[in-house]
Every structure is written in C-alpha cells, then in structure tokens.
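Chain by chain, the residues:
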Amino acid sequence: MAARKFLLEWPVLRQLRSGDLLGRGPAVTSARTRATTPRTATADKVVQSVCPYCAVGCGQRVFVKDDTVIGIEGDPDSPISRGRLCPKGAASEQLVNAPGRQTRVLYRPPGGTEWQPLELHTAIDMIADRFIDTRRRTWQDVDERGRPVYRTLGIAALGGATLDNEENYLIKKLFTAAGAIQIENQARI
C-alpha cells in the first residue's frame, strides 16, 4: 500500500493526473512545500524604508514582529528598484540583528589593552573636544604663497556605505563647514 501511495505521489504521475503537463504548477509541489508559509507572513507590521548602502535608494519593505526586524525584501511599489535588491540590500536585515552588533559605546584609552564601556554623552563630548582642538591647531588662513585657503588639513572624513544618503549629505556639509577638504565616501572608493 505504501509503495502504491509513493507511486501516486511521483511527480510525473501528478503532472498527468492534474493536467499540469509542463510541471510548472501544483503537480511539482510537495505537501511540505504547500504547508510552508513565508516567515514574513507572521509580521505584525510592514514598514517602507530605503536601503542604506549606496546612492541608488532602492525601496525596501521591512517586516517587524514583536518590535524585531524579521525580514527585509525589495518594495515592488518603488519606482527605483521595482522590488529588486542587490545582495547587500537583501542582507541588510543583518545590520540590526547581527549577534556581534555593538549596541553601546566602547573606548580603549591610549596605551590601554582593554575596551571599556562609555556613556554616549561622554563619548560625544570627547569627540567634539578633539575635533575642535585639532581644527584650532591645524587651521590655515593662507597657503605657502599667501593665497587665502581657510581650511584644515588635520581633519578628514571617510563616510561608510551603511550610512544613508541623508546622513552622508549632513556629514559632507558638517566637514565642509569646519574647513576640512579631505572628504570621501566608501561607496565611491
């Protein structure tokens, strides 16, 4: 009896029995496949977003369950990407769910061998103090020929491809206003 059931479930016989002769429909799906549902079907909400990696701005649908991102797919309503994502964009869910993701500020003091947690406001104050001090020490009003340049060569910026366009725009404006001229982005390198 088991052998007969096996033969009846054989895909070629299912194709003939169902009329799906090309094997592109229900004849080629197993019971297990028919019972499988996408993990995104259980999402509490779907949020529209934009891929953070490059300047293309592909649309994403972010599936959220219990305030946790459970999946990211291309947004078919996006006129830019029409539901498609590159491999980096398709894997961007790892940005928020990676087990090694740092969620607190770590600091290793000069000469230190261990990282230590630091309060965010303390870290921001340390960065701002160092930025202002470096700008003050390395500021140039004129170059070696006496031409006005109003710049600093002591500060450079390298943006990351995981920043979105708005963040990179603001970083560019900040560093330009501070007089830095060495400004680059990983996505262009």
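Everything numeric in this text was worked out from a predicted model, so none of it was measured.

1. Description of the overall build of the chain
Logical step 1: Regarding its fold elements, the chain presents 7 helices and 8 strands.
Logical step 2: Relative to the 2.2 N^0.38 estimate, which gives 16 Å for 189 residues, the radius of gyration of the chain is 27 Å and therefore markedly larger than a compact globule would have.
Logical step 3: In terms of its C-alpha atoms, the chain occupies a principal-axis envelope of roughly 95 × 40 × 30 Å.
Logical step 4: Looking at the 189 residues of the chain, the share that counts as buried comes to 22%.
Logical step 5: Sequence-distant contacts, at least 24 apart, represent 33% of the contacts inside the chain between residues at least 6 apart.
Logical step 6: In the structure as shown, the chain presents an accessible area of about 14,200 Å², 57% of it carried by carbon and sulfur atoms.
Logical step 7: Side chains of the chain carry 27 positive and 21 negative charges; the gap between the two charge centres is 8 Å.

2. Overview of the sheet that holds strand S8 (residues 180-185)
Logical step 1: Across the sheet, 3 strands lie side by side as S6-S7-S8; this open sheet has mixed pairing. Among the strands making up the open sheet, the edge pair consists of strand S6 (139-142) and S8. The sheet shows a mean angle of 30° between the axes of neighbouring strands, direction not considered.
Logical step 2: Across the face of the sheet, helix H6 (residues 120-138) comes into contact with S6 and strand S7 (148-159) while running at roughly 145° to S7.
Logical step 3: The sheet contacts of helix H7 (residues 165-177) involve S7 and S8, and relative to S8 the element is tilted by about 165°.

3. Things to note about the sheet that holds strand S1 (residues 45-50)
Logical step 1: Judged by pairing direction, the sheet is antiparallel, and its 3 strands sit side by side in the order S1-S2-S3 without closing on themselves. The open sheet has two free edges, formed respectively by S1 and strand S3 (68-74), since each of these has just one partner strand. The mean inter-strand angle of the sheet, taken between neighbouring strand axes irrespective of direction, is 30°.
Logical step 2: Examined bridge by bridge, S1 and strand S2 (residues 59-65) share 6 bridges and lie antiparallel to one another. Looking across to S2, one finds that Lys45 is bridged to Val64.

4. Details of the UniProt feature "domain: 4Fe-4S Mo/W bis-MGD-type" (unreviewed entry) in the chain
Logical step 1: The UniProt feature table records "domain: 4Fe-4S Mo/W bis-MGD-type" (unreviewed entry) at residues 44-100.
Logical step 2: Span residues 44-100 is 14% helix and 35% strand, its end C-alpha atoms 26 Å apart.

Here is what the cut-offs are and how they apply
- Residues numbered from 1 in each chain as written.
- Predicted model: local features only at pLDDT ≥ 70, side-chain atom pairs only at ≥ 80, totals over all residues.
- Heavy atoms only, no water.
- Helix = DSSP H or I, 4+ residues; strand = E, 2+ residues; numbered from the N terminus.
- Rg over C-alpha atoms; globule rule 2.2 N^0.38 Å.
- Buried < 20%, exposed > 50% of the residue type's maximum accessible area, 1.4 Å probe, protein only.
- Contact = heavy atoms within 4.5 Å.
- Areas by Shrake-Rupley, 256 points an atom, 1.4 Å probe, with all protein chains shown as cover.
- Lys, Arg positive; Asp, Glu negative; His and termini not counted.
- Charge placed at Lys NZ, Arg CZ, Asp CG, Glu CD.
- Pairing = 2+ DSSP bridges.
- Axes fitted to C-alpha atoms, helices over the stretch in contact; angles between N-to-C directions.
- UniProt positions renumbered as here; feature names shortened; annotations may be inferred.

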